[in-house]
Amino acid sequence: MTDQERRTGRDETEEERADRMWSDLIQEVRVAQTGVQILFGFLLTVVFQQKYAELSGTDKTIYIVTVILGASATGALIGPVSLHRLVSGRRVKPQAVRMASRLTSVGLFLLLATMTASLVLILRVATGGSPVTWAVAAVVVWYLVCWYGLPLWSRHRHSTR
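Residues numbered from 1 in each chain as written. Predicted model: local features only at pLDDT ≥ 70, side-chain atom pairs only at ≥ 80, totals over all residues. Heavy atoms only, no water.

Asker: What's the story with a nonpolar patch on the surface in this structure? I'm lost.
Answerer: Taken together, the side chains of V141, W142, V145, L150 and W153 define a hydrophobic patch exposed on the protein surface, amounting to about 530 Å² of accessible area. Within the element layout of this structure, V145 appears in helix α5 (residues 133-158). (Patch = residues over 30% accessible without salt bridge, like charges linked within 9 Å, V, L, I, M, F, W, Y side chains within 5 Å. Areas by Shrake-Rupley, 256 points an atom, 1.4 Å probe, with all protein chains shown as cover. Salt bridge = Lys/Arg side-chain N within 4 Å of Asp/Glu carboxyl O. Helix = DSSP H or I, 4+ residues; strand = E, 2+ residues; numbered from the N terminus.)

Here it is in structure tokens:
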């Protein structure tokens, strides 16, 4: 068994591996893109609702930050598609996969921040501003467990040494 086979667990060339990893990444991005686009679309409509004028200055600030985070997450999660389109056929797929993977990781982090800020705003408005810290913290911990904790635990537990 060659060093390459030992590292990847597959008998594939660097280009074949990049093709497989690209396909996997695009499937993952499709799921995240859908969520961020729905959330961002919803956020864009809030400012046009009558209730928006009644929000406190703090809530309007939270809203603006949330929209900026949502726009940033959308950009990062759509970025791999543009990257692929612009470098396709240039024989740089392994490098493009690494860059797209980083963009996706940044996009997921921004999506986490967007969802957190959205939750803060919604719960503040829904509860009349009563403390929502514990509820939001619990949901953020849940996101962290699902998105980072379990995958990192699984990678650590099941990776060959």
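Structure shown, so let's carry the discussion forward.
Asker: Explain the pattern of salt bridges to me, please; I cannot follow it from the model alone.
Answerer: Pairing of side chains with opposite charge becomes possible as their charged atoms draw close. All chains considered together, the criterion is met by 3 salt bridges. Among the salt bridges present, the one from E12 reaches R20, with a minimum N-O distance of 2.7 Å. Among the residues examined, R20 registers a relative accessible area of 23% and is labelled partly exposed. For D59, the salt bridge is made with R124, and the minimal N-O distance between the two is 2.4 Å. Of this pair, D59 sits in helix α3 (residues 57-87) while R124 sits in helix α4 (residues 93-126); the two residues are 65 residues apart in sequence, bridging distant segments of the chain. (Buried < 20%, exposed > 50% of the residue type's maximum accessible area, 1.4 Å probe, protein only.)

Asker: What am I meant to see in the packing of α3 against α4 here?
Answerer: When two helices pack together, their arrangement is captured by the angle between the axes and the distance separating the axes. Two numbers describe how α3 lies on α4: the axes approach to 8 Å, and their chain directions differ by 160°. On the basis of the axis angle, α3 is roughly antiparallel to α4. Crossing of α3 against α4: the hand is left-handed. Class assignment of the residues belonging to the contact of α3 with α4 gives a composition of 22 nonpolar, 10 polar and 3 charged. (Axes fitted to C-alpha atoms, helices over the stretch in contact; angles between N-to-C directions. Parallel < 35°, antiparallel > 145°, perpendicular 65-115°, else oblique. Left-handed = near helix turned anticlockwise from the far one by under 90°. Nonpolar A, V, L, I, M, F, W, Y, C, P; charged D, E, K, R; others polar.)

Asker: Looking at this structure, how should I read the environment of A135?
Answerer: One can find A135 in helix α5. A C-alpha to C-alpha distance of 13 Å links A135 and M115, two positions 20 residues apart in sequence.

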